[in-house]
Amino acid sequence: MPLPILDRHDPAYDAFLNILHSLPKAEGIILNSDESLEPRSLKAISDGLCMPNAAPPVPVHCIGPLIMSEGRGGGDDCLKWLDAQPEKSVVFLCFGSLGLLSAEQLREIAVGLDRSGHRGLVLKSWAPQAAVLSHGSVGGFVTHCGWNSVLEAVCGGVPMVAWPLYAEQRLNRVFLVEELKLAIPIDDGLDKGVVSAAEVERRVRELMSDDDDGLRERVLRAKYESVKAMREGGSSDSVLIELVNAWKK
């Protein structure tokens, strides 16, 4: 669970409570997801299992996945570098705009990647993540499990190693690994603080292996369904049109 939910003395705990108390009173919930990604959750909500005091159940409107078509600028050098790499040979690591790693952890990552045989280019500035994840040479993504990153990976058809750092990311990891089965969990040791080079190497090798227990096939299926949802006439496209028409009335 998100850390603030585990600490009743955290001011954010009260904020979460207020949100949860307000949800059953909402006229609707707009979700950056699509019906194919979260069918069990959506059914539980529509059946009234999640908000027993809401009558009728609050409707959920899936209008995603909404992802940025362009990044913050720059990144041409890394895309040119990717053009020169073999198909599905590159593993992309990114821990989000707020992801902070210690010098010790960075050393462990570098050693693990070097041993895995997939170390290459290091960027010290913003990367055009959506463009990188949709590039043919990228075969895997080590991610902090931020939801935007997850959606970009799904739309790019790229399997993930789930390495959450903060916010709701541990919850997302459980969803990605156990429910969707689109990611491999990394053993972050929780209280240990540093993920070893051996664990980084092991998980990257597993991610990039041809023997992935159907992982890559599941990701490509999820990509197909999510892209279809956003096309004209798709489920998310239709829901958004219905919402706009309702607001116009």
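Refer to the preceding data block for the structure.
Worth saying up front: this structure is predicted, and the values here are computed from it rather than measured.

**Q** How would you explain the nonpolar core if you had to name every residue and give the values?
**A** Core analysis: the biggest nonpolar cluster contains 40 residues, and M160 and W163 have the highest contact counts within it. The biggest single contributor to this core is helix α6 (residues 147–156), with 5 residues. Each residue touching M160, except ones within four places of it in the same chain, is listed here: F141, T143, V150, A153, V154, L176, L182, A183, I184 and L207.

**Q** So what's going on with the environment of A198? Which residues, and what values?
**A** Its location among the elements puts A198 in helix α8 (residues 197–208). Residue A198 is classed as partly exposed on the basis of its relative accessible area of 47%. Along the primary structure A198 and G140 are separated by 58 residues, whereas in three dimensions their C-alpha atoms are 18 Å apart.

**Q** Describe the pattern of salt bridges, with residues and values.
**A** For the coordinates displayed, the defined rule picks out 8 salt bridges. A salt bridge links R40 to E179; its shortest N-O distance comes to 2.9 Å. In this pair, R40 is assigned in helix α2 (residues 39–46) and E179 in helix α7 (residues 169–180), connecting sequence segments 139 residues apart. Overall, the relative accessible area of 60% leaves R40 in the exposed class. For E179, a relative accessible area of 32% gives the class partly exposed.

Basis of the calculations
- Residues numbered from 1 in each chain as written.
- Predicted model: local features only at pLDDT ≥ 70, side-chain atom pairs only at ≥ 80, totals over all residues.
- Heavy atoms only, no water.
- Core = buried A, V, L, I, M, F, W, Y, C linked by side-chain atoms within 4.5 Å.
- Buried < 20%, exposed > 50% of the residue type's maximum accessible area, 1.4 Å probe, protein only.
- Helix = DSSP H or I, 4+ residues; strand = E, 2+ residues; numbered from the N terminus.
- Contact = heavy atoms within 4.5 Å.
- Salt bridge = Lys/Arg side-chain N within 4 Å of Asp/Glu carboxyl O.

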